[in-house]
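# Examining the three-dimensional arrangement
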Amino acid sequence: MSPQSALDRLAAIVGAAHVITDPDTLTGYLTDWTGRWTGVADAVVRPRTCEEVAEVIAVCAADGISVCVQGGNTGLVGGSIPPAAGDSPTRLTIVLSTARMTDLDDVDVIGRSVGVAAGATVDAVDRHAARHGLRFGVDLAARESATAGGVVATNAGGIRMIRHGNTRSQVLGIEAVLADGRILRRWSPLIKDNVGYDLPGLLAGSEGTLAVITKVLFSLVTPPAATTVAVVAVDRVAAATELIAVAGRRGLVVEAAEIMTEAGIELVHAHGARRPVSEPAPFEFLIEVSGAGAVDEELFAAIEDIDGVLDAVAEPGPAPALWAARETHTEAIARDTSTPVVKLDVSVPIRSLPAAFDRLHAVPGDLGIGCRPILFGHVGDGNIHANFLDVPAADVHRVTEAVFSVIADLGGSISAEHGIGRAKSAWIGLGRGDVDLGVMRTLKTALDPQGLLNPGVIFG
Ligand SMILES: Cc1cc2nc3c(=O)[nH]c(=O)nc-3n(C[C@H](O)[C@H](O)[C@H](O)COP(=O)(O)OP(=O)(O)OC[C@H]3O[C@@H](n4cnc5c(N)ncnc54)[C@H](O)[C@@H]3O)c2cc1C
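Residues numbered from 1 in each chain as written. Predicted model: local features only at pLDDT ≥ 70, side-chain atom pairs only at ≥ 80, totals over all residues. Heavy atoms only, no water.

## Regarding the site of the ligand
- Around the ligand lies a shell of 36 residues, among which V69, G71, T74, G75 and T147 are the nearest.
- Between the ligand and T147, the relevant distance is 2.6 Å, taken from an oxygen atom to a side-chain nitrogen or oxygen of the residue.
- With respect to the ligand, the side chain of T154 contributes an N or O atom lying 2.8 Å from an oxygen atom.
- At the level of secondary structure, the elements contributing two or more residues to the shell around the ligand comprise β3 (66–70), α5 (148–153) and β9 (211–221).
- Counting residues per element, the shell around the ligand draws most heavily on α5, at four residues.
- Class assignment of the residues belonging to the shell around the ligand gives a composition of 14 nonpolar, 20 polar and two charged. (Near = heavy atom within 4 Å. Polar contact = N/O pair within 3.5 Å; in protein donor to acceptor, adjacent residues only side chain to side chain. Helix = DSSP H or I, 4+ residues; strand = E, 2+ residues; numbered from the N terminus. Nonpolar A, V, L, I, M, F, W, Y, C, P; charged D, E, K, R; others polar.)

Written out as structure tokens, the structure is:
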């Protein structure tokens, strides 16, 4: 089958306007959010329905065409980008974009769930739920672009993870197209349903390597009636985790817990965000809490119990001005770095957070590289987003190695919530043992025997 004939058949399925081959238009789909990863593809294909996806994938399976699935393209590990020139194992490669798959089913208010098409954004799902007094349990700063399919495929964490768990724990059911074009539908609103293997759970975190997710049945949560947001300036990391514990003992529910450093605050301030507290402090800890009774009084009492607090401010939630300092970190870093940022999302046992911050801050000095570390993260989950700005291209590997060696030494994970993608595939052996990896490869081969779905992602 000639390449043009395959693209003609795809056009017959989705409409010629939705098979994009114009090089200028293609460009926007071929570089990732960080600018570190650029791939090549023969076309971007934009189906509208699950049935169209199934027909597209059947053509790809018949003709041996690689498929890179792309949602909002906000992933930070290069997984949403096709292989680079010369790296594709097949003659033709397409990007399958879910941008047109945005339908939202009616919210089941009693069952607290909603079915949404894969390309619906996190923000659209949340606003849809909010019209019924409910909330999507997943939230992240990329909410206006990141999609339902993307957050499931990466098993995203985000700012509400400390309260509601990761994306996998919000998935009740899934519809997906397998690598041979068959449609898998595990669609049950039941909270309890233990019939066999957890296939939706398997697809969560599969990064487009096992199937194309076309629709998700999410459980929804009830938002707190009111929250209080505080930013607490502290002189040590442990003060943040102690405050989470004390707040819990005082009956407060921790809705979010985020740590920032002075370097990060200085950076976002230079890019227009307000400083939450006036005086610089080694760390600033944002905590959002809910509860019955006088929540802000309880929170301030908890803050007074902690050694090392230098200052604190609080506002009733949602307190967007306080949140802005945290939420603008990723964008400010991307704008400020002179080379594509080396972005390493890692986690460590909570007791090891202070050591992790110390040792990661020391990486540039230890290596003798003049790059800038900016660390921040979802501190209640032991999650640190380690960003290194201005890293010369020749030193990216050394910085990555040094960070992962610290994390391995502390018993942590090389991927807390962003996945493996292309960025970390060379190090996957640090996170999983041989038998574990063997089982993962067996699953990959069973579900995608030709290796057409996202080649190079996770397994390198
Ligand atoms: C400012 C900013 C803040 C962020 N904050 C967080 C955060 O707090 N927590 C967090 O976990 N992540 C965060 N991220 C990373 C990113 O937003 C998440 O990984 C998100 O889940 C990606 O969604 P997406 O739709 O953009 O997916 P994409 O980037 O398009 O794709 C990501 C991966 O999922 C696969 N994929 C996408 N859609 C499908 C589908 N329908 N079927 C199968 N596979 C699919 C892709 O092939 C790729 O491997 C942040 C990113 C930015 C830019």
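## Comments concerning the domain arrangement of the chain
- As far as domains go, the chain holds domain 1 (3–97), domain 2 (113–221), domain 3 (228–327) and domain 4 (337–434).
- Centre-to-centre separation of domain 1 and domain 4, based on C-alpha positions: 30 Å.
- Between domain 1 and domain 4 lies a buried interface of about 970 Å² when both sides are counted; carbon and sulfur atoms form 66% of it.
- Applying the counting criterion to the domain 1 and domain 4 interface returns zero salt bridges.
- Counting across the domain 1 and domain 4 interface gives four residue pairs in polar contact (both at pLDDT 80 or more).
- For the side of domain 1 that touches domain 4, the residue count by class is six nonpolar, four polar and one charged. (Domains from an automatic or database assignment. Buried area = accessible area lost by both parts, 1.4 Å probe. Salt bridge = Lys/Arg side-chain N within 4 Å of Asp/Glu carboxyl O.)

## Re the packing of aromatic side chains
- Throughout the structure, instances matching the rule amount to three aromatic pairs.
- A centroid spacing of 5.7 Å and a plane angle of 90 degrees characterise the contact between F283 and F357, whose relative ring orientation is edge-to-face. In this pair, F283 sits in strand β12 (residues 283–290) while F357 sits in helix α13 (residues 353–361), placing the two residues 74 residues apart along the sequence.
- Overall, the relative accessible area of 1% leaves F357 in the buried class. (Phe/Tyr/Trp six-rings, centres within 6.5 Å; stacked < 30°, edge-to-face > 60°. Buried < 20%, exposed > 50% of the residue type's maximum accessible area, 1.4 Å probe, protein only.)

## Examining the UniProt feature "domain: FAD-binding PCMH-type" (unreviewed entry) in the chain
- If you check UniProt for "domain: FAD-binding PCMH-type" (unreviewed entry), the listed places come out as residues 37–223 in our numbering.
- The straight-line gap between the two end C-alpha atoms of residues 37–223 is 37 Å; of that span, 20% is helix and 23% is strand. (UniProt positions renumbered as here; feature names shortened; annotations may be inferred.)

## Observations regarding the sheet that holds strand β15 (residues 372–376)
- If you trace the three strands from one edge of the open sheet to the other, you get β14-β16-β15, paired in antiparallel fashion. Whereas interior strands pair on both sides, the edge strands pair on one side only; in this sheet they are β14 (342–347) and β15. Sheet twist, expressed as the average angle between the axes of neighbouring strands with direction ignored, equals 20 degrees.
- Inspection of the sheet shows β15 paired to strand β16 (residues 383–389) by five bridges, in the antiparallel sense. From the neighbouring strand, I374 faces β16, where its bridge partner is N387.
- Helix α15 (residues 396–409) rests against β14 and β16 of the sheet, and its axis sits at about 10 degrees to β14. (Pairing = 2+ DSSP bridges. Axes fitted to C-alpha atoms, helices over the stretch in contact; angles between N-to-C directions. Contact = heavy atoms within 4.5 Å.)

## What to know about the nonpolar core
- Grouped together as the largest cluster of nonpolar side chains are 56 residues, with contacts concentrated most on I287, F388 and V403.
- Here this core gathers at least three residues from each of two domains, domain 3 (228–327) and domain 4 (337–434).
- The residues contacting I287, other than those within four sequence positions of it, are T228, V229, A230, L243, A247, V254, A256 and L299.
- Membership of the second largest hydrophobic core comes to 29 residues, among which are V116, A146, V151 and A176. (Core = buried A, V, L, I, M, F, W, Y, C linked by side-chain atoms within 4.5 Å.)

## A few points about the pairing of β16
- For β16, the tally of buried residues reaches seven of seven residues, placing the bulk of the element in the interior.
- Going residue by residue along β16, you find N383, H385, N387 and L389 tucked away on one face and I384, A386 and F388 tucked away on the opposite face as well.
- As paired strands, β14 and β16 are joined by six bridges and run antiparallel to one another. Its bridge partner lying in β16, S347 is registered against N383.
- In textbook terms, the turn of a hairpin is the stretch between consecutive antiparallel strands, and for β15 and β16 this stretch comprises six residues, one of which, G382, has a positive phi near 70 degrees.

## Quick word on the side chain of H418
- Along the chain, the position of H418 falls in the loop between α15 and α16 (428–431).
- Residues in contact with H418, not counting those within four places in the same chain, are L76, V77, T154, D345 and H385.

## Regarding the pattern of salt bridges
- The full count for this structure, using the stated rule, is 23 salt bridges.
- Put simply, E327 and R143 hold a salt bridge, and the shortest N to O gap is 3.0 Å. Taken as a pair, E327 in helix α11 (residues 320–327) and R143 in the loop between β6 (135–136) and α5 lie far apart in primary sequence, 184 residues in all.
- Classification of R143 by relative accessible area gives buried; the value is 18%.
- The partner of D305 in a salt bridge is R250, and the shortest N-O contact between them spans 3.5 Å. Of this pair, D305 sits in the loop between α10 (295–304) and β13 (309–316) while R250 sits in the loop between α8 (238–249) and β11 (253–261), placing them 55 residues apart in sequence.

## Observations concerning the pairing of β3
- The element β3 is largely enclosed, with a buried count of five among its five residues.
- Both faces of β3 are covered, namely the face carrying S66, C68 and Q70 and the face carrying V67 and V69.
- As defined by bridge partners, β3 adjoins strand β4 (residues 93–97) across five bridges and the pair is classed as parallel. What sits directly across from Q70, in β4, is S97.

## Some remarks on the packing of helix α9 (residues 262–270) against helix α12 (residues 329–336)
- At their nearest, the axes of α9 and α12 sit 9 Å apart, and the two run at 75 degrees to each other. Here α9 lies roughly perpendicular to α12, going by the angle between them. For the pair formed by α9 and α12, the contact residues are G264, I265, L267 and V268 on the first element and H329, A332, I333 and D336 on the second.
- Considering only residue class, the contact of α9 with α12 consists of five nonpolar, two polar and one charged. (Parallel < 35°, antiparallel > 145°, perpendicular 65-115°, else oblique.)

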